[in-house]
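# Structural overview
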Amino acid sequence: MSLWHIAWAYLWNRKLTTCLTIMSVALAVGLISSVLSLRQQLEQRFAEEGQAFDLVVGPKGSPLSLVLGSVYFMDSAIGRTPLHVYEDLLKDKDFVKAAFPIGLGDTYGGFRIVGTTKELLDHEWKGFSGEVRRPFTLEEGVAFDKPREAVVGAVAARQLGLSLGDTFESVHGSFAISEDLREFDHAEHPYKVVGILEPSGSPFDRAIYCSIESIWEAHGHGAPDHGDDHADDAELDWSNSVSSVLVQLHSAAQRFEYEGWINENTDAMAAVPINVIKDFFRDFLDPIKGLMMAVGYLVVIISAISILIGLYLSIMQRKRDLAIMRALGASSYEIFGAVIIEAFWVTTLGIAVGWLFGNVVTYILGLKLAHEYGLVVTPFGLSSEEIRAFATVALVGLVAGILPAWQAYNSDVAHDLADRQ
């Protein structure tokens, strides 16, 4: 019988202790795995969508709120931007390839209604792997062409039960329509569904798109009258303004130069989405990741202590068995190796179970993220960072087995054979 089989047999003979030790390792590995997997995939998903536009231009304030609200539809508009900012961007052919106005303000069933131009539905860009991303591709129907016509994202259409030809009424704010809140909706201006987008696995699936004029009309104003220099304040707030502008430049290399020019020479603020998201992960999420990783490795240390104590007590209980093995020809090195193999079995099984557990947690949280934010997280992957973490756990587990193995290595064969307890 090989040392591997002998080690496994000893572990099997004390199933409860072995299972508890494996689960302690699995708990630590599961926590580490889920934290690393979610952190990596969330950053990748955010960055992927952040590449969709070179700049977001809006009112001065928080760049993070501007990007989250305008690109990911996860936040409310931070204010209004004069319409001429959008018009000036369109005229700047040296830098600007395309510009899309964004009007935020209303929702339906908790999904953001986004006023823009139908040119946004033709927008495409290259992802990190070089593939062309087209999240606004129509699955059925046509693009909106008139005020109060709507194109619905795939997730919004599915969860709201909307299909072509259906009508709905928008509501102020980010809450869903209920009978108690009817005074906040726009029953006099219903939207009609004219198109539904293909699923893209992005936050764009969770929005409802319409013309910017629809947003103006919903708030009591039609298209702006540029000949009226005495428009009242309310009209300036809505029909002469947008929430932000999404900008695609001729080259990504122009981002920093054009961002700086807008921030220094206009009353608006420009932000590069991909940089804002990177800063967000570094400043806000990395500390949380570090804390969770510290907790995970603390549990690893506790698990290592459990391995050490379990193996040490096991050695003390079977000193006579080990002495018999020595008497039958097993060397002290083989005894040492058998105990190390036991530590290896416990650690390896703990890592395997923990990886599975961590990915199940990632899958469950991924369903929540997809439902709430349209961010699709793919579980059951294995990143290089996870491999390094698992290798560390394995090393700690093996080190924990050294003391019991050394105890077995230095055992007194004659004394242990004579001991009948």
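Computed from a predicted structure; not experimentally measured.

### Focus on the side chain of Ser303
Turning to its location among the elements, Ser303 is positioned in helix 9 (residues 273-317). Among the residues examined, Ser303 registers a relative accessible area of 3% and is labelled buried. In this view, Ser303 contacts Ser24, Val25 and Ala28; residues no more than four positions away in its chain are not counted.

### Section: the nonpolar core
Across soluble globular proteins, you tend to see nonpolar side chains buried next to one another. The biggest cluster of nonpolar side chains holds 38 residues, and the ones touching the most others in it are Phe46, Phe204 and Tyr209. The set of elements that each furnish at least two residues to this core consists of helix 2 (15-50), helix 3 (63-70), strand 3 (96-102), strand 12 (191-197), strand 13 (207-211), strand 16 (268-271) and helix 9. For this core, the element with the most residues is helix 9, which contributes 4 residues. Excluding residues that lie within four positions of it along the chain, Phe46 makes contacts with Leu68, Tyr72, Met74, Ile277, Phe281 and Leu375. Ile307, Ala330, Ile335 and Phe390 belong to the second largest nonpolar core, which has 33 residues in total.

### Some words on the confidence of the model for the protein
Model confidence for the protein is summarised by a mean pLDDT of 84, while 89% of its residues fall at 70 or above. Predicted confidence for residues 175-184 stays below pLDDT 50, and this span has 17 contacts to residues more than four positions away or in other chains. When the criterion is pLDDT under 50, residues 226-236 qualifies, and its contacts beyond four places in sequence or with other chains add up to 9 contacts.

### Quick look at the pairing of strand 3
Counted residue by residue, strand 3 has 6 buried out of 7 residues, so it is predominantly covered. Across 6 bridges, strand 3 lies against strand 15 (residues 244-249) in antiparallel orientation. Within the sheet, the bridge partner assigned to Pro101 lies in strand 15 and is Val245.

### Details of the packing of aromatic side chains
To describe a pair of aromatic rings, you give the distance between the ring centres and the angle between the ring planes. The full count for this structure, using the stated rule, is 19 aromatic pairs. Aromatic pair Trp125 and Phe204: ring centres 6.3 Å apart, planes at 75 degrees, arrangement edge-to-face. You can see Trp125 sitting in strand 6 (residues 125-126) and its partner Phe204 sitting in the loop between strand 12 and strand 13, a full 79 residues away along the chain. Of the two residues, Trp125 and Phe204, both sit in the buried class. Among the aromatic residues, ring-to-ring pairing joins Phe46, Tyr72, Phe280, Phe281 and Phe284 into one connected group.

### Focus: helix 13 (residues 402-409)
Residues of helix 13 that are buried: Pro404, Ala405 and Ala408. Buried residues of helix 13 fall within an arc of 100 degrees about the axis and therefore sit on the same side. In this fold, the buried residues of helix 13 make contact with helix 9, helix 10 (319-327), helix 11 (332-373) and helix 12 (384-400).

The rules behind the values
Residues numbered from 1 in each chain as written. Predicted model: local features only at pLDDT ≥ 70, side-chain atom pairs only at ≥ 80, totals over all residues. Heavy atoms only, no water. Helix = DSSP H or I, 4+ residues; strand = E, 2+ residues; numbered from the N terminus. Buried < 20%, exposed > 50% of the residue type's maximum accessible area, 1.4 Å probe, protein only. Contact = heavy atoms within 4.5 Å. Core = buried A, V, L, I, M, F, W, Y, C linked by side-chain atoms within 4.5 Å. pLDDT = per-residue confidence, 0-100. Pairing = 2+ DSSP bridges. Phe/Tyr/Trp six-rings, centres within 6.5 Å; stacked < 30°, edge-to-face > 60°. Arc of directions from axis to C-beta.

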